[in-house]
Amino acid sequence: MTSNHDIAVIGGGLSGFAAALVCAAAGRKTLLFAPKGPVDRRTSALMMPSIEILRRHDLIGDPAEIGTALEKIRIIDATSRLLRTGETLFESSEAGVEAFGYNLPNADLLDAFAARAEAEANLTVIDAAASRISGKAGAFEIEDGDGKTHSVSLIVGADGKKSSVRAFAGIGTREHAYDQAALVANLKLSRPLDGCSVEFHYENGPFTLVPGGENNANLVWIDKRAALDAAKADPGRLAATINEKSSHLFGHIELTSPAFIFELMSLTANRFGKDGVVLVGESAHAFPPIGAQGLNLGLRDVESLAEALQSAELLPSGAEWADAVSNAYEHGRRRDVTGTGLFVDTLFRTLIAGFLPADAVRLAGLTALRSLPGLRKSAFRLGMGAR
Ligand SMILES: Cc1cc2nc3c(=O)[nH]c(=O)nc-3n(C[C@H](O)[C@H](O)[C@H](O)COP(=O)(O)OP(=O)(O)OC[C@H]3O[C@@H](n4cnc5c(N)ncnc54)[C@H](O)[C@@H]3O)c2cc1C
């Protein structure tokens, strides 16, 4: 049996669901391959420009209904290095905004997208993986696990770091694996964070408490994999380490969820759009969760996809249209993705580099950030995604 659609979006993570909704809203018959996976218990700090993308495309309602406003960012140098930088506080009011963004539970965000998908007449969601892709722009064939074949003109790859869509399109990557990993867990603090995201910078990476409403916090702790594994293996030791690393600034801290560890790598695809195929989210780029850039960048992909679809809106679905969309998308994404990759990688390497010149650069940078209003404004803009 064969079904015909204009677009297939492969992958039902946050980037894929958002991309599918935008494709359908552009008036194209869209098929989303979204096999159900385990619940994603992470939260995402989304900066205001990303919240605006979500609102503009009607993907969420009021972000305050599901998330917590991020009004301040406090950076504490907790290293024992020779040159230490003390504390730096950024307040959103300085940038002239009520909040830098919102911390949103990934599962609630996905539920909001799924609810929108049910009401979108142009979108069909199937709970199946794409098992085989063949053909070319304007005439792709995709098989699902039940042996059904789907014909589409354009493919959107949203199938994560190991993307089979990217491999099918013959798009290579530049990759770098880090020694560090990230441990995430939900916490209850004795004293609330009051909308302030607190980053303790340690030698092997930051230990960040992100506000999760009332006395709740979401921990993202970056450290050497062996240290995280050892802490996770012993819940008593994990709780003690978390209390110690927080410098007891928020009173006693309890774990309210199991801990999960994520490998860290950076990955950038050599192209983002080509021959009727476009890549969004982690199929196109993946970075360590430093400065909360990953999904923020994925949502900017979705915005660029909407623009690429609009630029070709007068063409009927087919090879010429699919080529036009993938070329416009490639053109629109290059600067932003490359710039963000460089920003995150440089930041991460500077944070973990333990040699004196890097310490001096970090010290000079943070001192300047504390005292120079112009530089602080530029830092706000960079952190919020301006390139
Ligand atoms: C610890 C941690 C904290 C983070 N915090 C933040 C943050 O605060 N802010 C931020 O902006 N970003 C953050 N990120 C990054 C963010 O989580 C990712 O950018 C985002 O989740 C990627 O979403 P995605 O949809 O691109 O990929 P994924 O979530 O990996 O989704 C890919 C989907 O494709 C599916 N798939 C694979 N193959 C197929 C196939 N053949 N057919 C159909 N489906 C397929 C998979 O099942 C999966 O559901 C964080 C990342 C980590 C690791």
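Scroll up to find the structure.
Note that the structure is predicted; figures quoted are calculated from it, not measured.

What about the packing of aromatic side chains?
Now for step 1: Considering all chains together, one arrives at three aromatic pairs under this definition.
Now for step 2: Summarising the aromatic geometry, the rings of Phe 140 and Phe 168 are spaced 6.0 Å apart at their centres and angled 75° between planes, so their arrangement reads as edge-to-face. Taken together, the residues span a long stretch of sequence, with Phe 140 in strand 11 (residues 139-144) and Phe 168 in helix 4 (residues 164-168) at a distance of 28 residues.
Now for step 3: According to the relative accessible area criterion, Phe 168 is partly exposed, its value standing at 31%.
Now for step 4: Aromatic pair Phe 200 and Phe 207: ring centres 5.9 Å apart, planes at 65°, arrangement edge-to-face. For the pair Phe 200 and Phe 207, a shared accessibility class is recorded, and that class is buried.
Now for step 5: A network of ring pairs unites the aromatic residues Phe 200, Phe 207 and Trp 221 as a single cluster.

A closer look at the site of the ligand
Now for step 1: The local shell around the ligand holds 29 residues, among which Ala 45, Ala 130, Glu 282, Leu 295 and Asn 296 are the closest.
Now for step 2: Separating an oxygen atom of the ligand from a side-chain N or O atom of Ser 15 is a distance of 3.0 Å.
Now for step 3: The separation between a nitrogen atom of the ligand and a polar main-chain atom of Ala 130 is 2.9 Å.
Now for step 4: If you list the elements that add at least two residues to the shell around the ligand, you get helix 1 (14-25), strand 4 (43-47), strand 14 (173-189) and helix 7 (294-311).
Now for step 5: With four residues, strand 4 is the single largest residue contributor to the shell around the ligand.
Now for step 6: Broken down by class, the residue content of the shell around the ligand amounts to 15 nonpolar, 11 polar and three charged.

Some points on unusual backbone geometry
Now for step 1: Backbone geometry places Asp 194, a non-glycine residue, at a positive phi of 50°.
Now for step 2: Mapped onto the elements of the fold, Asp 194 is located in the loop between strand 14 and strand 15 (196-202).
Now for step 3: You can call Asp 194 exposed: its relative accessible area is 56%.
Now for step 4: Even without glycine at this site, Ser 247 takes up a positive phi of about 55°.

Topic: the packing of helix 1 against helix 7
Now for step 1: The geometry of helix 1 relative to helix 7 is characterised by a closest axis approach of 9 Å and an angle of 20° between their N-to-C directions. With respect to helix 7, the element helix 1 is oriented roughly parallel. Classified by chirality, the crossing of helix 7 by helix 1 is right-handed. When helix 1 is examined against helix 7, the residues Leu 14, Ser 15, Ala 18, Ala 19, Val 22 and Cys 23 are found in contact with a partner set consisting of Leu 295, Gly 298, Leu 299, Val 302, Leu 305, Ala 306 and Leu 309.
Now for step 2: Residues that form the contact of helix 1 with helix 7 fall into these classes: 11 nonpolar, two polar and no charged.

Focus on the sheet that holds strand 4
Now for step 1: The three strands are arranged 4-8-5 in an open sheet whose pairing can be described as antiparallel. With partners counted over all chains shown, the strands left at the sheet margins are strand 4 and strand 5 (68-70), one partner each. Averaged over all pairs of adjacent strands, the angle between their axes in this sheet comes to 30°, without regard to strand direction.
Now for step 2: Here strand 4 runs beside strand 8 (residues 101-105); their pairing, made up of five bridges, is antiparallel. Each bridged residue has a counterpart across the sheet, and for Met 47 the counterpart in strand 8 is Gly 101.
Now for step 3: Packing of helix 2 (residues 48-56) onto the sheet brings it into contact with strand 4 and strand 8, and relative to strand 4 it is tilted by some 95°.

As for the layout of surface pockets
Now for step 1: In this structure, the second largest pocket spans a volume of roughly 210 Å³.
Now for step 2: Lining the second largest pocket are 17 residues, with Thr 43, Pro 105, Asn 186, Gly 212 and Asn 218 positioned closest to its centre.
Now for step 3: By residue number, the principal contributor to the lining of the second largest pocket is strand 8, which donates three residues.
Now for step 4: A breakdown of the residues in the lining of the second largest pocket according to their chemical character gives six nonpolar, eight polar and three charged.

Conventions we followed
- Residues numbered from 1 in each chain as written.
- Predicted model: local features only at pLDDT ≥ 70, side-chain atom pairs only at ≥ 80, totals over all residues.
- Heavy atoms only, no water.
- Phe/Tyr/Trp six-rings, centres within 6.5 Å; stacked < 30°, edge-to-face > 60°.
- Helix = DSSP H or I, 4+ residues; strand = E, 2+ residues; numbered from the N terminus.
- Buried < 20%, exposed > 50% of the residue type's maximum accessible area, 1.4 Å probe, protein only.
- Near = heavy atom within 4 Å.
- Polar contact = N/O pair within 3.5 Å; in protein donor to acceptor, adjacent residues only side chain to side chain.
- Nonpolar A, V, L, I, M, F, W, Y, C, P; charged D, E, K, R; others polar.
- Axes fitted to C-alpha atoms, helices over the stretch in contact; angles between N-to-C directions.
- Parallel < 35°, antiparallel > 145°, perpendicular 65-115°, else oblique.
- Left-handed = near helix turned anticlockwise from the far one by under 90°.
- Contact = heavy atoms within 4.5 Å.
- Pairing = 2+ DSSP bridges.
- 1 Å grid on protein atoms, 1.4 Å probe; cavity = no way out; pocket = protein on both sides within 12 Å on 5 of 7 lines; lining within 4 Å.
- Points joined across faces, edges and corners; volume = space filled by probe spheres on them.

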